[in-house]
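Remarks on the overall topology
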Amino acid sequence: MPEVVRGKVAVLTSTTVRLTLPEADLHVPTTLSGPELALDATLALETLVELVNRHAGPVAARVLGQKG
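Right, let's walk through the structure included here. (Residues numbered from 1 in each chain as written. Predicted model: local features only at pLDDT ≥ 70, side-chain atom pairs only at ≥ 80, totals over all residues. Heavy atoms only, no water.)

**Here's the deal with the overall build of the protein**
How we decide: Each helix is a run of DSSP H or I of at least 4 residues and each strand a run of E of at least 2, with the numbering of both proceeding from the N terminus. To get the radius of gyration, use the C-alpha atoms; to get the globule rule, take the number of residues to the power 0.38 and multiply by 2.2 Å. Only the protein chains shown count as cover for residues, with accessible areas throughout obtained via the Shrake-Rupley method and a probe of 1.4 Å. Positive residues here are Lys and Arg, negative ones are Asp and Glu, while His and the chain termini are left out of the count. For charged residues, the charge sits on one atom: NZ in Lys, CZ in Arg, CG in Asp, CD in Glu.
Counting secondary structure elements, the protein contains one helix and zero strands. The C-alpha radius of gyration of the protein comes to 19 Å, more than 25% above the 11 Å expected for a compact globule of 68 residues. Taken as a whole, the protein presents about 6400 Å² of accessible surface, with 61% of it coming from carbon and sulfur. For the protein, the centre of its 6 positive side-chain charges and the centre of its 7 negative side-chain charges are spaced 21 Å apart.

Next up, the structure:
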């Protein structure tokens, strides 16, 4: 039986968004070990974030009823 909580109630939801990103735009790692690994991983993540923002941003704006 779920616990009964008095006072404010919050609901946590999650959403999964699947995007097809252009593979050619993804960063291809040049090293798998050594000191360059952290820089390579950072570049891969920055590239991925930029692609997600570029492709998902307009979709999110439409869902929220904004121009995009």
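After presenting the structure, the write-up continues.
**Details of the pattern of salt bridges**
Note the cut-off: Salt bridges are defined as contacts in which a side-chain nitrogen from Lys or Arg sits within 4 Å of a carboxyl oxygen from Asp or Glu. Under the scheme applied here, a residue whose accessible area is under 20% of the maximum for its type counts as buried, over 50% as exposed, and between as partly exposed, the area being computed with a 1.4 Å probe on protein chains only.
For the structure on display, the rule yields two salt bridges. Of the charged contacts, one joins arginine 54 and aspartate 25 as a salt bridge, the two residues approaching to 4.0 Å between their closest N and O atoms. Within this pair, whereas arginine 54 is found in helix α1 (residues 36–63), its partner aspartate 25 is found in the segment before α1, the two being separated by 29 residues in sequence. Relative accessible area serves as the criterion here: at 44%, arginine 54 is assigned to the partly exposed category. Three or more residues joined by partner-sharing salt bridges are found here, namely Asp25, Glu50 and Arg54.

**Let's talk about a nonpolar patch on the surface**
To keep it simple, the criterion reads: Every patch collects residues that have over 30% relative accessible area and no salt bridge, joining them within 9 Å if they carry like charges and within 5 Å if they are nonpolar side chains (Val, Leu, Ile, Met, Phe, Trp, Tyr).
Where nonpolar side chains cluster on the molecular surface, the patch consists of Val17, Leu19, Leu26, Leu45, Leu48, Val49 and Val52 and spans about 540 Å² of accessible area. The residue leucine 48 is located in helix α1 in this model. Leucine 48 sits in the partly exposed class, given a relative accessible area of 36%.

**What about the side chain of aspartate 40?**
Stated formally: Residues count as neighbours in contact if any of their non-hydrogen atoms are within 4.5 Å of one another.
Following the sequence through the fold, aspartate 40 ends up in helix α1. Despite its burial, aspartate 40 remains without a salt bridge, the nearest opposite charge being carried by arginine 54 at 17 Å. Not counting the four nearest positions on each side in its chain, aspartate 40 is found in contact with His27, Pro29, Thr30 and Thr31.

**Observations concerning α1**
Structurally, the α-helix is built with 3.6 residues per turn, so residues lying three or four positions apart point the same way. The criterion, for reference: One less than the number of residues in a helix, times 1.5 Å, gives the span that helix is expected to have. Bend, at a single residue, is the angle you get between axes fitted to the 7 residues ending at that residue and the 7 residues starting at it.
For α1, with 28 residues, the first-to-last C-alpha span of 40 Å sits near the 40 Å given by 1.5 Å per residue. Of all the bends in α1, the greatest reaches close to 40 degrees and is centred on alanine 56; the proline proline 58 follows between one and four positions later. Of the positions making up α1, those classed as buried are Asp40, Thr47, Leu51, Ala56 and Ala61. One or two positions beyond α1, positive phi appears at glycine 65, with a value near 80 degrees.

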